[in-house]
Amino acid sequence: MRKYGEVINRLPLFAELSEAEIEKLLNRCKAYVRNVHQGDGVVRVGSKVAGIGVLLSGSARVVKDDFWGNSTMLAHLERGDIFGEAFACSGCPATVDVYAETDSEILWLPYKELVEADAGGAINRKLVYMFARKNVFLTDRIEHLSQRTLKEKILSYLKEQAMEAGSSSFTIRFDRAGMADYLAADRSALSAMLGKLKKEGIIDFHKNSFTLLKAEQDD
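Summarised in this report is the structure supplied together with it.

Thresholds, definitions, all that
- Residues numbered from 1 in each chain as written.
- Predicted model: local features only at pLDDT ≥ 70, side-chain atom pairs only at ≥ 80, totals over all residues.
- Heavy atoms only, no water.
- Helix = DSSP H or I, 4+ residues; strand = E, 2+ residues; numbered from the N terminus.
- Expected span 1.5 Å × (residues − 1).
- Buried < 20%, exposed > 50% of the residue type's maximum accessible area, 1.4 Å probe, protein only.
- Phe/Tyr/Trp six-rings, centres within 6.5 Å; stacked < 30°, edge-to-face > 60°.
- Lys NZ or Arg CZ within 6 Å of the ring centre and 35° of its normal.
- Salt bridge = Lys/Arg side-chain N within 4 Å of Asp/Glu carboxyl O.

1. Side note on helix 5 (residues 122-145)
Inference 1: Counted at 1.5 Å a residue, the expected span for helix 5 with its 24 residues is 34 Å, and the 35 Å between its end C-alpha atoms agrees.
Inference 2: Taken together, the buried positions of helix 5 are Ala 122, Ile 123, Lys 126, Leu 127, Met 130, Asp 140, Arg 141 and His 144.

Here is the structure:
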């Protein structure tokens, strides 16, 4: 486990613990690392999730399919991100799929053993904090998706990113495919609308770097 010490020690979940306490906790809860290949299903809908997953390397995405098989990306996971905690804590079957986008390494923290080993309550406090943060994330996403038009969805998302960055110029974590999935939009339509907004002088962008130039005008 020492190989992944740099990532593990920086996890918000362990923020209140020393390096020695983290190592002791991992041993007590019988944490383990699994390697997964690109395209592998890490969590599948309907499965029981007994542990909290931590992405040590690589990337993954959380997706949900509707009745007709249309997929919507709910989250993009990168190094250090945590997933599966809601299902592990609640005992409810998974309602989403998690797929590895690249070859990845995942640290699994068996939930029951983790809580039993958490004598000081630090882990439980952090889990409550993380649930609250994810609730904010989902609330923001609902706000973007509730906009009437694709233009309004895009600008709602970009304004939120600008506010988080504290600047009119910022970088988003999604590529075009990821941004389209996040906003539940067709990729071609998204690219076309971004080009239109740039032509109108409302935004400027290069790859994942964006700048808000002026308020949008009513159509």
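2. Quick word on the packing of aromatic side chains
Inference 1: On inspection of all chains with the given rule, the structure shows six aromatic pairs.
Inference 2: Between the aromatic rings of Tyr 157 and Phe 174, the centroid separation amounts to 6.2 Å while the plane-to-plane angle is 35°, which identifies the pairing as tilted. With Tyr 157 in helix 6 (residues 150-165) and Phe 174 in the loop between strand 9 (169-171) and helix 7 (176-182), the pair connects residues that are 17 residues apart, well separated along the chain. When sorted by exposure, Tyr 157 lands in the same class as Phe 174, which is buried.
Inference 3: Where Phe 170 meets Phe 210, the ring centres are 6.3 Å apart and the plane angle is 15°; that geometry is what we call stacked. With Phe 170 in strand 9 and Phe 210 in strand 11 (residues 209-212), this pair connects stretches of sequence that are 40 residues apart. You'll find Phe 170 and Phe 210 in the same group, each marked buried.
Inference 4: Sitting over the face of the ring of Tyr 129, Lys 126 holds its NZ or CZ atom 5.2 Å from the ring centroid.

3. Focus: the pattern of salt bridges
Inference 1: Here the structure, examined in full by the defined rule, presents 11 salt bridges.
Inference 2: In this structure, Arg 61 engages Asp 181 in a salt bridge whose closest nitrogen and oxygen atoms are separated by 2.6 Å. A residue pair is termed long-range when its members are at least 10 positions apart, and Arg 61 in strand 4 (residues 60-65) and Asp 181 in helix 7 qualify at 120 residues.
Inference 3: With relative accessibility at 19%, the residue Arg 61 sits in the buried group.
Inference 4: For Asp 181, a relative accessible area of 23% puts it in the partly exposed group.
Inference 5: As a salt-bridge pair, Arg 173 and Glu 78 come within 3.7 Å of each other at their nearest N and O atoms. With Arg 173 in the loop between strand 9 and helix 7 and Glu 78 in the loop between strand 5 (71-77) and strand 6 (82-83), this residue pair connects regions lying 95 residues apart in the sequence.
Inference 6: We classify Arg 173 as partly exposed; its relative accessible area is 41%.
Inference 7: Taken together, the salt bridges that share partners define one network made up of Arg 61, Glu 101 and Asp 181.

Keep in mind that these numbers describe shape and distance, not what the molecule does.
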